[in-house]
Amino acid sequence: MTGSLRDYNWQSIYESRPSEDVTHLIDEFYTPALKRSVQYDRIAGYFDSGSLAAAGNGIQALVDNDGKMRLIVGAQLQPKDRPVIEALADDLDENLTDLDDETLDQQLQLLAWLLREDRLELKIAVPSHGEWGIFHPKLGIFRDEVKNRISFEGSINETAGGWTRNYERFKVHRSWDDGQAPYVEGDRDSFKRLWKDEHDHVDVYDLPEALKEELIEWKAPDTDVEVSQIVEKLRE
């Protein structure tokens, strides 16, 4: 039996530390949560395989728990992850199996393995309402074997930079605390509606479909808006 999420002293607020301790959020929150979970549901504006590598011990524990990750992320993905993600375009099992692990770095090997073994499901979200820009919410939900849950919401993306390099801050809620349970349920409802593509203002695509529809933009997060676009908006 896996450990219980109730058997850890979760803080109400986590924030990055301004020091060389770049793994603080991973060591104090991310890895302990993964080790006690059988499911990790995540919504984020940005995702890269570096986040998986940074929390390697926790990811291994989640897999050992027979657990799974479900991610809903925006359409701007890192070019470095493109070889593995594009292998999904035609046939998931065949193309991922054909990838030569020796040509991939460790981050991409981990991403490819998780996708190949159905330990990671990835969906792409695109706002469908008016002049909205990118999909940018950030929350996560961990569930243990007996259905205890914690959810977190704040500034952090599912990227290596988010977990190790940026200044980030997020709040945590516990399902077994009567005062916090409604927040956890609200986060679950948000994830569920998006995962089922039942959100009124966001379209959510399975990854192979998003690839075929050419919805994905291959660029680093900080390059999503050109100066000319900003100036044009200001003139309107």
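Our subject is the structure that appears above.
Numbering of residues begins from 1 in every chain and follows the order in which that chain's sequence is written. Only residues with pLDDT of 70 or above have their local features reported here, since the model is predicted, and side-chain atom pairs are shown and tallied only from 80 upward, although totals for entire chains, interfaces and linings are computed over all residues. Side-chain measures were taken over the full set of non-hydrogen atoms in the model, leaving aside hydrogen atoms and water.

Concerning the overall build of the protein chain
Line of reasoning, step 1. Each helix is a run of H or I in the DSSP string that is no shorter than four residues. Each strand is a run of E no shorter than two, and both are numbered from the N terminus. What the protein chain contains, in helices and strands, is ten helices and ten strands.
Line of reasoning, step 2. Exposed residues in this analysis have more than 50% of their type's maximum accessible area, buried residues have under 20%, and partly exposed residues fall in between, with area computed by a 1.4 Å probe over protein chains only. In the protein chain, buried positions account for 47% of the 236 residues.
Line of reasoning, step 3. In this description, contact between two residues means that some pair of their heavy atoms is separated by no more than 4.5 Å. Taking the contacts inside the protein chain whose residues are at least 6 apart along the sequence as the reference set, 75% of them involve residues at least 24 apart.
Line of reasoning, step 4. Accessible surface computed for the protein chain: about 12300 Å², of which carbon and sulfur atoms make up 43%. For every accessible area listed, the method is Shrake-Rupley and the probe measures 1.4 Å; residues are considered covered only by the protein chains on display.

Some words on the pattern of salt bridges
Line of reasoning, step 1. A carboxyl oxygen of Asp or Glu within 4 Å of a side-chain nitrogen of Lys or Arg is what we treat as a salt bridge. Applying the stated rule across the entire model yields nine salt bridges.
Line of reasoning, step 2. Of the charged contacts, one joins aspartate 41 and arginine 70 as a salt bridge, the two residues approaching to 2.9 Å between their closest N and O atoms. Within this pair, whereas aspartate 41 is found in strand E2 (residues 39–44), its partner arginine 70 is found in strand E3 (residues 68–73), the two being separated by 29 residues in sequence.
Line of reasoning, step 3. The shortest N-O distance in the salt bridge between arginine 193 and aspartate 189 comes to 3.1 Å. Separated by four residues within a single helix, arginine 193 and aspartate 189 lie in helix H8 (residues 181–195), roughly one turn from each other.
Line of reasoning, step 4. Residue classification places arginine 193 among the partly exposed residues on the basis of a relative accessible area of 29%.
Line of reasoning, step 5. Exposure remark for aspartate 189: the relative accessible area of 39% places this residue in the partly exposed category.

What about the packing of aromatic side chains?
Line of reasoning, step 1. To pair, rings of Phe, Tyr and Trp, with the six-membered ring standing in for Trp, must have centres within 6.5 Å; the planes then decide the type, stacked if under 30 degrees apart, edge-to-face if over 60, and tilted in the middle. This structure, assessed with the given rule, holds 17 aromatic pairs.
Line of reasoning, step 2. Note on tyrosine 14 and phenylalanine 29: the rings are 5.0 Å apart at their centroids and 50° apart in plane angle, and the pair reads as tilted. Within this pair, whereas tyrosine 14 is found in strand E1 (residues 13–15), its partner phenylalanine 29 is found in helix H1 (residues 24–35), the two being separated by 15 residues in sequence. We note that tyrosine 14, like phenylalanine 29, is buried.
Line of reasoning, step 3. Ring centres of phenylalanine 29 and tryptophan 163 lie 6.4 Å apart, and the angle between their planes is 20°; on these two criteria the pair is classed as stacked.

A closer look at the pairing of strand E8 (residues 169–174)
Line of reasoning, step 1. What makes two strands pair is DSSP finding at least two bridges between them. Relative to E8, E1 runs antiparallel, the two being bridged by three bridges. From the neighbouring strand, isoleucine 13 faces E8, where its bridge partner is lysine 171.
Line of reasoning, step 2. Pairing of strand E7 (residues 149–154) with E8 involves five bridges; the strand directions are antiparallel. Following the sheet pairing, glycine 154 is matched in E8 by phenylalanine 170.

Side note on unusual backbone geometry
Line of reasoning, step 1. In this structure, aspartate 66 takes a positive phi of about 60° despite not being glycine.
Line of reasoning, step 2. Examined against the element boundaries, aspartate 66 turns out to sit in the loop between helix H3 (56–64) and E3.
Line of reasoning, step 3. With relative accessibility at 57%, the residue aspartate 66 sits in the exposed group.
Line of reasoning, step 4. In this structure, aspartate 197 is a non-glycine residue whose phi angle is positive, near 55°.

Side note on H1
Line of reasoning, step 1. Expected span of a helix, by definition, is 1.5 Å for each gap between consecutive residues, and there is one gap fewer than residues. With twelve residues, H1 should reach 16 Å at 1.5 Å per residue; the first-to-last C-alpha distance of 16 Å fits that figure.
Line of reasoning, step 2. Of all twelve residues that make up H1, nine are buried, and the element is covered over most of its length.
Line of reasoning, step 3. Every buried residue of H1 is accounted for by His24, Leu25, Ile26, Phe29, Tyr30, Thr31, Pro32, Ala33 and Leu34.

What to know about the packing of H1 against H3
Line of reasoning, step 1. The angle between two axes is taken between their N-to-C directions and runs from 0 to 180 degrees, where each axis is a line fitted to C-alpha atoms and a helix contributes only its stretch in contact. As a packed pair, H1 and H3 sit with axes 7 Å apart at the nearest point and diverge in direction by 15°. Taken together, H1 and H3 sit at an angle that is classed as roughly parallel. You can see that H1 and H3 cross each other, and the crossing is left-handed. Along its contact with H1, which presents Thr31, Leu34 and Lys35, the element H3 presents Gly58, Ile59, Ala61 and Leu62. Oblique is the label for every angle not falling under 35 degrees (roughly parallel), over 145 degrees (roughly antiparallel), or within 65 to 115 degrees (roughly perpendicular). Take the far helix as your reference; a near helix turned counterclockwise from it by less than a right angle gives a left-handed crossing, and one turned clockwise gives a right-handed crossing.

Description of helix H6 (residues 106–116)
Line of reasoning, step 1. Taken as a whole, H6 has its buried residues at Leu108, Leu111, Ala112, Leu114, Leu115 and Arg116.
Line of reasoning, step 2. Positive backbone phi, approximately 60°, marks aspartate 118, located one or two places after H6.

Observations concerning the nonpolar core
Buried together is how nonpolar side chains tend to be arranged in soluble globular proteins.
Line of reasoning, step 1. Phe29, Phe142 and Trp163 are the most contacted members of the largest nonpolar core, which totals 45 residues.
Line of reasoning, step 2. Considering every element that reaches this core, the biggest residue donor is H1, with six residues.
Line of reasoning, step 3. Those residues within four positions of phenylalanine 142 in sequence are excluded, and the remaining contacts are Leu5, Phe29, Tyr30, Ala33, Leu34, Ser37, Gln39, Tyr40, Asn148, Arg149, Ile150 and Phe152.
Line of reasoning, step 4. Counting residues in each nonpolar core, the second largest holds eleven residues, with Ile141, Phe191, Leu194 and Val202 among its members. Nine residue types can take part in a nonpolar core, namely buried Ala, Val, Leu, Ile, Met, Phe, Trp, Tyr and Cys, and a core is a set of them joined through side-chain atoms within 4.5 Å.

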